[in-house]
Structure formats: structure tokens, C-alpha cells
Amino acid sequence: MKTKKEMLLVDPDNGETTGVEIGSEIKSPAQQQSSKEYFDKQNQKMQQKLDKANAEKQKKYYRNLQLGELGKYIIVRVKLIPGVDDVTAANLGRLIYLSTYCDYHNRLMLTENTTMKRGDLPAVLNLGERKTRDFLNDMTEYIRFNKSGIYISDSFVYRGEKKERKYNNKMKLFNKSVQSLYKGLKPTKHKYFGFIVQLLPFVNRKYNIICSNPEEVDIDKIKSLSLTDIAKELKYETSNSGKLLEILTGLFFDVGGYQQSACSIVFHEGNGHSGYDLIFNPRLLYVGEDYKDVLAYNKFFPRVVKSVRKNRISVPLDL
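Residues numbered from 1 in each chain as written. Predicted model: local features only at pLDDT ≥ 70, side-chain atom pairs only at ≥ 80, totals over all residues. Heavy atoms only, no water.

Quick look at the pattern of salt bridges now. In the structure shown here, the tally under the stated rule is 6 salt bridges. Between E129 and R133 there is a salt bridge, and its shortest N-O distance comes to 3.6 Å. Note that E129 and R133 are positioned in helix α4 (residues 129-138) at a spacing of 4 residues, about one turn of the helix. Since its relative accessible area comes to 38%, E129 is described here as partly exposed. Residues D134 and R130 are paired through a salt bridge, measuring 3.5 Å at the closest nitrogen-oxygen approach. Remark: R130 and D134 occur in helix α4; sequence separation between them is 4 residues, near one turn of the helix. Classification of R130 as exposed rests on a relative accessible area of 52%. A single salt-bridge network, built from bridges that share partners, covers R118, E129 and R133. (Salt bridge = Lys/Arg side-chain N within 4 Å of Asp/Glu carboxyl O. Helix = DSSP H or I, 4+ residues; strand = E, 2+ residues; numbered from the N terminus. Buried < 20%, exposed > 50% of the residue type's maximum accessible area, 1.4 Å probe, protein only.)

Take a look at the structure:
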């Protein structure tokens with residue numbers, strides 16, 4: 001209430017008096033508590049807005065940082081990748097590689113200002129005409145032609161950013177790294193890059209470990225897939241999983257004039273337990289906030305000269 005005349009308020013604890021001018025507002029303890037709760041709630045809302053703005057700012061910072069360091073990328077909706085029985089690994093690898101030439105309308109471009117033509121495809125894909133024709137016949141669901149160019153379906157792969165229902169439904173693949181890896185493969189080995197694409201649904205979104213719980217953010221709780229598990233997912237002969245390991249760890253791409261492996265195997269042993277993780281190089285694919293979150297990359301993915309001698313790796317399949 002507002003006072004209509006001057007008043008003196010007496011502190012019951014010490015007897016001190018305080019003058020109250022005419023028109024001053026006096027609130028009961030209950031009113032004071034209600035006001036406090038109201039302003040606390042308003043301050044909480046304001047802080048939440050500030051926190052959200054700061055989080056978006058930080059996310060944008062990391063996105064721009066990665067764009068500067070890793071370059072442009074395509075996005076794959078991992079849960080919509082065609083199944084192993086629907087599209088061959090070779091054709092899947094070729095399609096994703098081809099997608100790295102897309103503009104923001106998913107139109108294939110030779111350069112920033114030059115659209116890709118049908119006659120360009122054999123050279124771009126590193127395939128003969130017959131193999132190119134077979135590829136196109138098999139991929140009519142994902143590749144279409146019209147007067148303005150060749151378009152890749154955005155059903156599960158696209159260029160740029162789109163709002164997804166879940167952060168964990170997508171993976172970024174960096175164009176230059178993908179192109180470097182693909183161009184280093186003979187046509188008969190295009191399926192090796194396809195294996196990587198088929199494994200994207202199992203890549204942990206923070207640490208790039210191939211696992212059964214890709215959404216887990218606590219590294220100690222990640223359940224890594226064994227080579228046998230991976231072979232089963234790819235429908236690769238499990239009795240030859242050692243060869244599959246050689247394939248995955250024997251794929252390389254250029255990083256600043258040096259080559260790095262696309263996949264690394266990391267052993268760990270201690271406290272009576274042993275095992276291994278297969279980890280994809282985040283310079284090839286990554287969707288987390290900061291690709292440097294993945295631990296010890298300088299050791300997991302060392303720089304090597306371009307003449308690489310591939311060593312045979314012996315590893316137990318199910319530690």
C-alpha cells in the first residue's frame with residue numbers, strides 16, 4: 001500500500017526508527033516474498049536466454065573454425081543411408097564422392113561457375129564409359145538429369161545446413177578429404193570408401209569411435225564394435241576380418257601435403273582388461289562441436305610421406 005502521511009517505522013530488534021515519506025509503498029512480508037520470487041524468475045529467464053545465445057555463438061565459432069581448417073563439407077543423414085542389400089558399397093562410395101561436387105541446390109559442379117555434364121562423369125568418377133553407364137542405371141533413384149544440370153537426391157545427402165530433428169542423425173564429410181581418398185583408389189576398390197559410408201551410423205558423434213552407442217558422450221561408456229561386429233554389419237566374411245582391418249586402416253588422404261589414414265586402431269590394456277577401438281579420422285568425417293575433442297590425434301593419425309608402405313597388422317578379432 002502507499003502511505004498517505006508521514007510515518008515512522010521502528011525496527012523491533014534494535015529500536016531504530018526510519019522515516020517514511022508520503023506516497024512511499026509499504027509491502028507485507030508475503031508481498032515482499034512474492035516480489036522476490038517474481039524477480040528471481042525473471043532473472044532466471046534472462047540468464048537462460050543469455051546462456052542459449054552464448055551456446056549458439058560458441059557453436060557458430062566452432063563451425064567457422066572447422067570450416068576454415070577442414071574446408072567445405074556435405075552432410076549425410078546416417079539413418080537414411082541405403083542398406084547393404086539395397087546399394088552396393090562401390091556405388092554408395094561413388095555417390096557420396098560425387099556429392100562433394102554439389103552446390104547448395106545439390107547440383108553437380110565442375111567448378112564454382114561450371115555445371116557438370118554427362119560427358120564429364122567418367123573422368124570425375126575415374127570409370128570407363130560402360131561402368132559409368134552401369135552406375136547411373138543403378139542409381140536412378142538418387143541421380144536425375146534436367147536442362148539445368150545433374151542433381152543428387154537430397155534424401156540422405158546434401159550440401160549446407162538444414163535443421164534436423166536430432167543432432168545425432170547426421171554426419172559431416174569434408175569434401176577435399178573425401179576427394180583425395182577416392183582419387184587414390186583404383187575403380188575396383190571404390191567399395192572400400194563405401195565401407196566407410198556404410199559404417200557412419202555406428203560412428204560416435206563426439207569421439208569418432210565405431211561403436212554400438214554412437215550418441216554416448218561419456219567416453220568410458222562407449223561400447224566399441226569389434227572387427228567381427230563390423231564385418232557382420234558390412235556383410236563381409238567374418239573369417240577374413242583381418243583383411244577388413246587392413247582395408248580400413250589402409251585408406252589414406254592428403255592433409256597439407258602429407259597423407260593420413262582414414263581409420264586408426266587403438267589398443268588399450270590395464271586393470272585386467274584389454275581391447276581396441278577403431279576410430280575414423282575427424283579430418284575426413286566429424287559432426288561434433290570441435291574435432292580436436294578426439295584425444296591424441298597426432299598419435300592416432302600421424303603424418304606420413306606420400307610413399308606409404310602398408311604393413312600387415314595382426315590383431316585378435318574379439319578382445
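Predicted confidence across the protein chain gives a mean pLDDT of 83, with 74% of residues reaching 70 or more. Long-range and interchain partners of residues 307-319, a stretch whose pLDDT sits below 50, account for 28 contacts in this model, where long-range means more than four residues apart. (pLDDT = per-residue confidence, 0-100. Contact = heavy atoms within 4.5 Å.)

So, about the side chain of T100. Within the secondary structure, T100 sits in the loop between α2 (89-99) and α3 (121-125). One polar contact links the side chain of T100 to the main-chain carbonyl oxygen of Y97, over a distance of 2.5 Å. When near neighbours in sequence (up to four residues on either side) are disregarded, T100 contacts I74, N175, V178 and Q179. (Polar contact = N/O pair within 3.5 Å; in protein donor to acceptor, adjacent residues only side chain to side chain.)

With that settled, consider the pairing of strand β3 (residues 73-77). Remark: a regular strand shows side chains that alternate across the two faces of the sheet. Most of β3 sits out of view: 5 of its 5 residues are buried. Because side chains alternate across β3, one face comprises the buried residues Y73, I75 and R77, and the other comprises I74 and V76, equally buried. Judged from the 5 bridges that link them, β3 and strand β7 (residues 170-174) form a sheet pairing that is antiparallel. Bridge pairing in β7 places I75 opposite K172. In terms of strand pairing, β3 meets strand β6 (residues 157-159) through 3 bridges, oriented antiparallel. By the bridge assignment for β6, V76 is matched with V157. (Pairing = 2+ DSSP bridges.)

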